[in-house]
Amino acid sequence: MKILGISGHYHDSAAALVVDGVPVAAVQEERLSRRKNDAAFPLGAIEWCLESAGLQPADLDAVVFYERSMLKFDRILTSALRSFPRSWRSFPHAIRNSLGEKVWIRGIISSHLGVPRDRILFTDHHASHAAAAFLTAPTRRAAILTADGVGEWATLTVGQGTRHDGGTGIRLDREIRFPHSLGMLYSTFTAYLGFEVNEGEYKVMGLAAYGRPTMMEQVGKLIRRTADGAFTLVPEYFEYQTTAERSYSSRFVDLFGPARDPYEPIDLESAEGRRFADCAASVQRVLEDVLVDITRRLQRETGLTDLCYGGGVALNGVANARILAESGFERLFVPSAPGDAGCALGAALYADRIYFRNPDRDVPDHPFWGPAVDAGELARAAREDSQVVDELDGPAMLERIVDELAGGGIVGWMEGACEFGPRALGHRSILAAPHAPEMRERLNRDIKYREEFRPFAPVAPSEACGRFFELPTGGARLGRFMSGVFPVRPEWRNRLAAVTHVDGSARVQVLERDMAPRLHALLEAYGRRTGIPVLLNTSFNVAGEPIVTRALEGYSTFRRCGIDMLVAGSTIVKKKRTASPSASMQERVASWA
Ligand SMILES: [Fe+2]
């Protein structure tokens with residue numbers, strides 16, 4: 001059976017194809033259209049998924065959209081009417097922006113793909129999140145938690161999933177409904193702190209490490225805990241439920257002070273800068289506390305050892321680590337794409353297992369479902385551009401790349417199929433030595449143009465991770481897709497300064513050999529040279545652009561920024577250096593060996 005899942009029309013459009021119960025292709029529209037967070041109907045992604053599997057739309061047994069658009073329409077209409085007359089101006093805006101053509105989605109899918117209308121199905125938004133988390137995890141029975149901004153009405157659900165030969169069950173028992181939403185609470189602070197919503201939440205988490213949670217009492221005024229373990233938000237402090245203009249109210253500003261001007265850099269030396277950092281730390285702590293309470297209760301109720309967790313809030317690696325440490329669950333599974341893009345895959349899997357009742361299948365435990373890189377394409381482009389191209393393989397190639405990294409060079413690394421989800425997990429990465437803080441500055445200055453307070457992440461082979469990072473039980477699993485933030489062992493913090501955050505933590509990717517063998521081999525080779533098999537791993541893109549997909553995009557990025565060496569398969573392109581690598585860097589690396 002061939003099932004296409006689609007998410008889109010809000011942000012992060014994507015398509016995923018499931019054939020005979022197993023994913024064969026999944027990609028976000030932005031990776032093909034090259035428009036970051038592309039929300040358009042994912043025609044490019046759909047075409048690529050079908051083409052890569054040699055299918056025509058007519059071959060599809062079903063097309064599944066990741067949410068029920070009429071319910072979302074109902075929510076927007078009801079919210080607007082409830083707050084009448086204040087919201088009357090925002091209603092057409094909300095309909096246009098948040099809903100768009102969504103209510104007509106069946107007609108759109110049918111006309112774009114030529115698929116009969118009766119083959120088009122819909123899943124609940126949070127059922128898609130739940131399926132993306134549970135049906136891709138190597139577990140047969142687990143509690144399920146989903147948390148995001150909002151789907152149709154639900155913003156957080158808890159339930160259980162079971163997989164056995166007789167069939168698959170996903171049961172979401174309870175839900176918290178809009179406007180009460182942990183995702184919206186966090187996004188409100190994202191906006192207040194001057195960052196872009198749905199994009200800047202990482203920045204709030206990064207900034208939180210610089211602050212102290214001194215405003216928890218104030219944040220506590222916004223959210224009320226209920227006796228059944230849930231919460232409600234206090235509407236007077238928010239405006240997102242009534243207008244698209246602003247998410248926080250003037251009472252919110254009375255409580256926390258003036259909002260940050262997005263165009264002013266945050267000066268952490270100033271009282272104002274510290275206030276923003278404390279604000280971030282406070283909302284971060286409250287988010288963690290609520291999630292820990294909810295998951296602790298869920299663990300007690302279900303008595304299960306595994307928790308599968310999806311939705312955009314599951315991108316918060318600091319909160320995830322606390323859930324793992326404090327909820328009582330032994331293993332926490334967060335998929336590589338817990339956000340709405342991942343719902344394309346979740347919706348297709350949900351339809352396969354639950355709607356069509358197809359037999360249970362194990363889903364391969366990796367995130368590499370996108371277009372593959374063509375090393376030949378890189379070689380051709382670089383030669384036409386009069387660059388020096390080398391074709392190497394095996395140990396000689398690894399040694400060449402290690403020479404570059406240990407000498408302070410920055411390497412663009414492309415390998416196989418690209419990742420499904422927002423993080424580079426070893427197939428579209430920028431790699432660099434993780435030791436000196438100057439590397440962080442150089443990456444920010446020459447490539448990423450990011451705020452200082454956003455840390456870079458390390459990747460390390462699973463066998464060696466425990467030497468450098470304090471991984472709790474279950475931590476390696478959470479680190480598989482970079483979903484947890486853990487302490488760097490104090491004795492290594494100086495030597496891993498480029499990847500250690502100000503609070504001594506790191507969002508480490510724990511790399512098993514079978515998931516990305518070539519990167520694993522490179523880490524080992526780097527370890528043999530320097531004594532430290534750890535590299536800085538950041539997504540292969542420059543600010544404002546999606547992660548590169550094809551070799552040509554990698555090459556174009558390489559030519560436009562401070563990357564020194566580009567690798568795809570066995571092809572290596574080396575940029576001519578304007579200055580030699582700093583001797584002090586080489587000496588320092590040598591001295592650690
Ligand atoms: Fe969502």
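Since we're looking at a predicted model, the values are computed, not measured. (Residues numbered from 1 in each chain as written. Predicted model: local features only at pLDDT ≥ 70, side-chain atom pairs only at ≥ 80, totals over all residues. Heavy atoms only, no water.)

Help me understand the overall build of the chain, please; the structure alone is not making it clear to me.
Looking only at helices and strands, the chain features 21 helices and 24 strands. For a compact globule of 593 residues, the expected C-alpha radius of gyration is about 25 Å, and the chain comes in at 24 Å, within 12% of that figure. Across its three principal directions, the C-alpha atoms of the chain cover 65 × 60 × 45 Å. Among the 593 residues that make up the chain, the fraction classed as buried is 60%. Long-range pairs, those at least 24 residues apart, make up 72% of the contacts in the chain with a sequence separation of at least 6. Of the roughly 22,600 Å² of accessible surface on the chain, 50% is carried by carbon and sulfur atoms. (Helix = DSSP H or I, 4+ residues; strand = E, 2+ residues; numbered from the N terminus. Rg over C-alpha atoms; globule rule 2.2 N^0.38 Å. Buried < 20%, exposed > 50% of the residue type's maximum accessible area, 1.4 Å probe, protein only. Contact = heavy atoms within 4.5 Å. Areas by Shrake-Rupley, 256 points an atom, 1.4 Å probe, with all protein chains shown as cover.)

In this structure, what is going on with the pattern of salt bridges? I would like to understand it.
Think of it this way: side chains of opposite charge can pair up when their charged atoms draw near. Taken as a whole and assessed by the stated rule, the structure comprises 36 salt bridges. For Glu326, the salt bridge goes to Arg322, with nearest N and O atoms at 2.8 Å. Of this pair, Glu326 and Arg322 are both found in helix H12 (residues 317–326), four residues apart, which corresponds to roughly one turn of the helix. For Asp446, the salt bridge identified is with Arg442, shortest N-O distance 3.6 Å. Here Asp446 pairs with Arg442, and both are found in helix H16 (residues 437–448), just four residues apart, close to one helical turn. Connected via shared salt-bridge partners are Glu288, Asp289, Arg296, Arg322 and Glu326. (Salt bridge = Lys/Arg side-chain N within 4 Å of Asp/Glu carboxyl O.)

Sorry, what's going on with the nonpolar core here?
The nonpolar side chains of a soluble globular protein tend to be buried, and buried together. If you look at the biggest cluster of nonpolar residues, it comprises 106 residues, and the most contacted ones within it are Tyr309 and Phe469. Each residue touching Phe469, except ones within four places of it in the same chain, is listed here: Pro458, Ala460, Pro487, Val488, Arg489, Leu496, Ala506, Val508 and Val534. (Core = buried A, V, L, I, M, F, W, Y, C linked by side-chain atoms within 4.5 Å.)

Help me understand the packing of helix H14 (residues 375–384) against helix H20 (residues 551–560), please; the structure alone is not making it clear to me.
Two measures define how a pair of helices packs: the angle their axes make with one another and the distance between the axes. Contact pair H14 / H20: the axes reach a minimum separation of 8 Å and the direction vectors enclose 40°. Relative to H20, the element H14 is oriented oblique. Regarding H14 and H20, the two cross each other, and that crossing is right-handed. Residues Glu377, Leu378, Ala381 and Ala382 of H14 pack against Ala551, Leu552 and Tyr555 of H20. (Axes fitted to C-alpha atoms, helices over the stretch in contact; angles between N-to-C directions. Parallel < 35°, antiparallel > 145°, perpendicular 65-115°, else oblique. Left-handed = near helix turned anticlockwise from the far one by under 90°.)

I keep staring at the sheet that holds strand S12 (residues 331–333) and nothing clicks. Help me out?
For sheets, the rule is that strands pair by backbone hydrogen bonds, running either parallel or antiparallel. What the five strands build is an open sheet, ordered S8-S7-S6-S11-S12; its pairing is mixed. One side of each edge strand has no neighbouring strand; the edge strands of this open sheet are strand S8 (167–177) and S12. The average angle at which neighbouring strand axes cross in this sheet is 20°, direction not considered. Looking at chain direction, strand S6 (residues 141–147) and strand S11 (residues 306–310) are connected through four bridges and run parallel. (Pairing = 2+ DSSP bridges.)

Before we go on, may I ask you to explain the coordination of the iron ion in this structure?
Ideal geometry at a metal centre gives angles of 109.5 degrees when four donors are arranged tetrahedrally and 90 or 180 degrees when six donors are arranged octahedrally. For the iron ion, the full set of protein donor atoms is His125 (NE2), His129 (NE2), Asp148 (OD) and Asp340 (OD), at a range of 2.1 to 2.2 Å. Angles of 89 to 172° at the metal separate the four donor atoms of the iron ion, which places the site in the irregular class. (Donors = N, O, S within 2.8 Å, 3.2 Å for Na, K, Ca; no water. Tetrahedral: all angles 85-135°; square planar, octahedral: opposite > 155°, others 65-115°.)

Is there a simple way to explain the confidence of the model for the chain in this structure?
Caution applies to low-pLDDT regions: their predicted coordinates should not be interpreted in detail. Residue-level pLDDT values for the chain average 91, and 93% of them are 70 or greater. Considering only residues more than four positions removed or in separate chains, one finds that residues 579–586, a stretch of pLDDT under 50, has eight contacts. (pLDDT = per-residue confidence, 0-100.)

Which parts of the structure should I look at to understand the sheet that holds strand S3 (residues 22–28)?
Ordered in space as S3-S2-S1-S4-S5, the five strands form an open sheet in which the pairing is mixed. If you trace the sheet from one side to the other, it starts and ends with S3 and strand S5 (120–122), each paired once. With direction set aside, neighbouring strand axes in the sheet form an average angle of 20°. Strand direction decides the pairing type here: strand S2 (residues 14–19) and S3, joined by six bridges, are antiparallel. Looking across to S3, one finds that Ala15 is bridged to Val27. Against the sheet, helix H2 (residues 43–52) touches strand S1 (2–7), S2 and S3, its axis set at about 145° to S3. Sitting on the sheet, helix H5 (residues 105–113) touches S1, strand S4 (62–65) and S5, and the angle it makes with S5 is about 145°.

Looking at this structure, how should I read the state of the cysteines?
Note: disulfide means a covalent bond formed between the sulfur atoms of two cysteine side chains. Applying the stated criterion across every chain yields a total of zero disulfides. We note that Cys418 lacks a disulfide partner, and the nearest cysteine sulfur, in Cys49, lies 10 Å from it. Classification of Cys418 by relative accessible area gives buried; the value is 1%. (Disulfide = S-S within 2.5 Å.)

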